[in-house]
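Secondary and tertiary structure notes
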Amino acid sequence: SQTIHQWPATLVQPVGSPLSLECTVEGTSNPNLYWYRQAAGRGLQLLFYSVGIGQISSEVPQNLSASRPQDRQFILSSKKLLLSDSGFYLCAWSAGTGHQPQHFGDGTRLSIL
Amino acid sequence: EDKVVQSPLSLVVHEGDTVTLNCSYEVTNFRSLLWYKQEKKAPTFLFMLTSSGIEKKSGRLSSILDKKELFSILNITATQTGDSAIYLCASPPGGSYIPTFGRGTSLIVHP
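Figured I'd write up the structure that's included with this text. Given the structure is predicted, the values throughout are model-derived calculations rather than measurements. Within any chain, residue numbers begin from 1 and follow the written order of that chain's sequence. Labels are handed out in written order, letters beginning with A for the chains and numbers beginning with 1 for the ligands. Predicted model: local features are reported for residues with pLDDT of at least 70 only, side-chain atom pairs are reported and counted for 80 or more only, and whole-chain, interface and lining totals are derived from all residues. Side-chain metrics rest on all non-hydrogen atoms present in the structure, leaving aside hydrogens and water.

What about the overall build of chain A?
Secondary structure is summarised from DSSP: a helix means a run of H or I of at least four residues, a strand means a run of E of at least two, and numbering begins at the N terminus for each. Scanning chain A for helices and strands turns up 0 helices and 11 strands. For chain A, the succession of helices and strands along the chain, N to C, is β-β-β-β-β-β-β-β-β-β-β. The C-alpha atoms of chain A give a radius of gyration of 13 Å, which matches the 13 Å a tight globule of 113 residues would have. Seen along its three principal axes, the alpha-carbon backbone of chain A occupies a region of about 40 × 30 × 20 Å. Counting only residues that meet the buried cut, chain A has 48% of its 113 residues in that class. Any pair of residues with heavy atoms lying within 4.5 Å of one another is described as a contacting pair. For chain A, restricting intrachain contacts to residue pairs at least 6 apart in sequence, the fraction spanning at least 24 positions comes to 55%. Per element, the accessible surface of chain A, about 5200 Å² overall, is 52% carbon and sulfur. The quantity called the radius of gyration is restricted to C-alpha atoms. Its globule counterpart is 2.2 Å times the number of residues to the power 0.38. Think of it in three bands: with a 1.4 Å probe and only protein chains considered, a residue is buried below 20% of the maximum accessible area for its type, exposed above 50%, and partly exposed in between. With residues, only the protein chains shown are counted as cover, and all accessible areas are computed by Shrake-Rupley using a 1.4 Å probe.

Structural notes on the pattern of salt bridges
One speaks of a salt bridge when a side-chain nitrogen belonging to Lys or Arg is within 4 Å of a carboxyl oxygen belonging to Asp or Glu. As enumerated under the stated definition, the model contains 4 salt bridges over all chains in all. With a shortest N-O distance of 3.2 Å, Asp-71 of chain A and Arg-68 of chain A are connected by a salt bridge.

Looking at the side chain of Gln-102 of chain A
Of note, Gln-102 of chain A is situated in the loop between β9 (87–94) and β10 (103–104). Given the relative accessible area of 2%, Gln-102 of chain A is considered buried. Of the polar contacts made by the side chain of Gln-102 of chain A, one reaches the side chain of Tyr-36 of chain A; its length is 3.0 Å. If sequence neighbours within four positions are ignored, Gln-102 of chain A has contacts with Tyr-34, Tyr-36, Ala-92, Trp-93 and Ser-94 of chain A together with Tyr-36, Pro-99 and Phe-101 of chain B. Two N or O atoms form a polar contact when they lie within 3.5 Å of each other; inside protein one atom must be a possible hydrogen donor and the other a possible acceptor, and for residues adjacent in sequence the pair counts only when both atoms belong to side chains.

Here's the deal with the pairing of strand β5 (residues 43–49) of chain B
All names here are of chain B. As judged from the 6 bridges shared by strand β4 (residues 33–38) and β5, these two strands associate in the antiparallel manner. Bridging from a neighbouring strand, Lys-37 pairs with Thr-44 of β5. Here β4 hands over to β5 after 4 residues, the two strands then running antiparallel side by side. In this scheme, strands are said to pair when DSSP sees at least two bridges between them.

As for the sheet that holds strand β8 (residues 71–76) of chain B
Residue and element names in this part refer to chain B. Read from one edge to the other, the open sheet built from 5 strands follows the order β1-β3-β8-β7-β6, with strand pairing classed as antiparallel. Looking at which strands have only one partner, the edges of the open sheet turn out to be β1 (3–7) and β6 (56–58). Between one strand and the next, the sheet's axes are offset by a mean angle of 15°, whatever the strand orientation. Examined bridge by bridge, strand β3 (residues 19–26) and β8 share 6 bridges and lie antiparallel to one another. Residue Ser-24 lies in a different strand from β8, and its bridge partner there is Phe-71. Axis lines are fitted through C-alpha atoms, for helices just across the contact stretch, and the angle between N-to-C directions can take any value from 0 to 180 degrees.

All we've got here are geometric facts, nothing functional implied.
Below is the structure:
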């Protein structure tokens, strides 16, 4: 069966520090991969998605970036965090087109001080 | 612009009540609508609806789609405290990898 792992679960970082969040999927190949941010009381904001190794599409211009160095690995990064980067970050995968259900990791709660 | 609108945004009920959550959509080349339940962490998939009038059911939860009026409802009967969660609906435009999500309905069930 397929599983998705996302870490760390919580992270507290100072303003201006770098960021690296990692997500890996097991039990499937060539998944579509997604990074979302969820603010309190809000829906899911898509940040990046990837349909294959090295293929990254950005939905929202900001100081975050994403990379997909391996088929089932998706990394969210920043060189310098801003206060506004605080939030709940979710990684997800799906098979095929967007019409297949997405399967989410447990999320990372990021607090910027 | 594609959009998905959920109502109400929040709902507080007591155990045993029946609730109806609404999701209206306007997406290009509609193909499917999906419902998710989010407790403390990861949203989990509940239903995918593609055809009008066909009810999907899982225990006390059921959902139906109306493609003429462009909405879906999620019903929960005999609510329990474990049903407390945010319920999200989403619909990807045809041919897109990217679902459009609603803001969610926060359901709180009191004992």
